[in-house]
Amino acid sequence: MTTDVVTLAMGGGGKETNELIDTIFKKHFSNPDLTADDAAVLDFPAGKLAFTTDGFIVSPVDFPGGNIGKISICGTVNDLSCMGAVPMFLSCAFVIEEGFPVAKLDEIAAAMEKTAKEAGIRIVAGDTKVAGKGQVDGVFITTTGIGRVMDGVHTAGSSARPGDVVIVTGDIGRHGCAILLARNQFDITAEKLTSDCAPLAGTVQSMLAATKNIHVIRDATRGGVGTVLYEIAHQSSVGIVLNQKDIPVSGEVNGVCGMLGLEPLYLACEGRMVVFAPEQEAPAILDALHKGPYSGNAAVIGRVVADHAGKVIVNTEIGSQTMLPQPGGELLPRIC
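These numbers were taken from a predicted model, which means no experiment stands behind them. (Residues numbered from 1 in each chain as written. Predicted model: local features only at pLDDT ≥ 70, side-chain atom pairs only at ≥ 80, totals over all residues. Heavy atoms only, no water.)

**Structural notes on the overall build of the chain**
Right, so step 1: A count of helical and extended segments in the chain gives eight helices and 13 strands.
Right, so step 2: Judged by the C-alpha coordinates and their principal axes, the chain covers about 65 × 55 × 35 Å.
Right, so step 3: Per-residue burial for the chain yields a buried fraction of 51% across its 336 residues.
Right, so step 4: With an accessible surface of roughly 14,700 Å², the chain has 51% of that area assigned to carbon and sulfur atoms.
Right, so step 5: Charged side chains of the chain number 25 positive and 37 negative; the gap between the two group centres comes to 3 Å. (Helix = DSSP H or I, 4+ residues; strand = E, 2+ residues; numbered from the N terminus. Buried < 20%, exposed > 50% of the residue type's maximum accessible area, 1.4 Å probe, protein only. Areas by Shrake-Rupley, 256 points an atom, 1.4 Å probe, with all protein chains shown as cover. Lys, Arg positive; Asp, Glu negative; His and termini not counted. Charge placed at Lys NZ, Arg CZ, Asp CG, Glu CD.)

Below, the structure written as C-alpha cells:
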C-alpha cells in the first residue's frame, strides 16, 4: 500500500480500489468461490435454504474477545445456524471512513478469515465504499449468508410448546459488559471479562446430531436472553417460567451489573443461544453442549407453560415470584 490510511480514492473504483482489494481482502478471503465479477455463481445442493443479512456497527471496533470483523461473521453464521442450516456462503460489504488505518482494516479482515474458516463458511463476494471523514464511525460491515437447512429440522419462534424446557448454551451477558467496559466510561476494570463472541455452527450441529426434536433456537444478541424470551412467548402465545438460581452468570458480569444496576438477562450475548425443546430431550442436548468449546456451562433455566401467555415469570432465589419487566425503550448499554 502507498499509504497507511484509507483514502477517498480507495472507494472510487480505480487503481487505488483494486490495490486495497488485492492487499487486504483477496489476501484474507481467497477461496475457489471468491469472485472478481459482479456476482458469485455457486453450486448448491438441493433442499431448503436459509438466507440472512445483518449490519454491524460496533463501538469500539476492538473489544476484549474480538473485533467488528469477528462479530460480523459470527452474527450471520449464528443466524443461519438458528434455523438448523449449515452455513455455506457469505458476502460482505464495507463502508470505511476516510483516514481509517489500513493496518486496523487488515486486522479486521484477518479476524473474518479466521472465524469464517472455523465456521466452515466461504466469503464469495463483497463491496467496498469509502465515506468522508466524520460520515462513518470507523468502519461499518454488512454481511449476507446462505446455508442449507438440515433434513428433518424445523425450528421457528412460533414453535415453543407448554412442557418445553428453556436452555441457555452458556453464561449470559458477557458481550454487553465487555463492550460497556471497553468504552472506558466508568472507572471499572474486570481483566477476566471478555466477550462471548463465537461462531456457533458447530454448537448447533452437535445438538441436532443428538436430537432433531428441537422447537426453537435463537441467538441472544441485542437485548439479551430476556428479550429473546419475550419474543418467543409472544410468537408462540405461551408463558415462560424461569428459575433465577439456575441462570448462569459469571462473577465478573454479576459484579458489573451490581455496580451499575443492570440486569444480566438484558445484556447482549454474541456466543449464546436460547433453546426450547421437549423436556425428555434435555439430557441429550445438554450432554452434547457440555462437550463443546463454547457451551460447557449450558443449563436448563426454565420451562414453557400454558398460563400467562406472552409473559415471563421468574422464581427468585428467595422463593417468591416476579414478572420479568418487558423490554422497551433504549436498552443499555447500546452495543450497535
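Past the structure itself, the notes keep going.
**As for the pairing of strand E12 (residues 312–315)**
Right, so step 1: Relative to E12, strand E9 (residues 239–243) runs parallel, the two being bridged by four bridges. Along E12, the bridge assignment pairs Ile240 with Val312.
Right, so step 2: For E12 and strand E13 (residues 321–323), the ladder comprises three bridges, and the chain directions are antiparallel. Opposite Asn315, over in E13, you have Gln321 as the bridge partner.
Right, so step 3: Between E12 and E13, which pair antiparallel one after the other, the connecting turn spans five residues, and Gly319 there sits at a positive phi close to 95 degrees. (Pairing = 2+ DSSP bridges.)

**Topic: the side chain of Asp164**
Right, so step 1: Mapped onto the elements, Asp164 comes out in strand E7 (residues 164–168).
Right, so step 2: Once you skip the residues sitting within four places of it in the chain, Asp164 turns out to touch Ser159, His215, Phe276, Ala277, Pro278, Arg303 and Val304. (Contact = heavy atoms within 4.5 Å.)

**Considerations on unusual backbone geometry**
Right, so step 1: A cis amide bond, omega 0 degrees, links Ser59 with the succeeding residue Pro60.
Right, so step 2: Examined against the element boundaries, Pro60 turns out to sit in the loop between strand E1 (49–56) and strand E2 (62–63).
Right, so step 3: The phi dihedral of Ser237 falls on the positive side, at around 55 degrees, and the residue is not glycine.
Right, so step 4: With respect to the helices, strands and loops of the structure, Ser237 is situated in the loop between helix H6 (224–236) and E9.

**Examining the sheet that holds strand E11 (residues 299–305)**
Right, so step 1: Taken in spatial order, the seven strands line up as E8-E10-E7-E11-E9-E12-E13 in an open sheet, and their pairing is mixed. Only two strands of the sheet have a single neighbouring strand rather than two, namely strand E8 (216–219) and E13. Averaged over all adjacent pairs, the angle separating strand axes in this sheet is 25 degrees, with direction ignored.
Right, so step 2: The sheet strands contacting helix H2 (residues 68–82) are E8 and strand E10 (273–278), and the helix crosses E8 at an angle near 170 degrees. (Axes fitted to C-alpha atoms, helices over the stretch in contact; angles between N-to-C directions.)

Interpretation in functional terms is not warranted from these geometric data alone.
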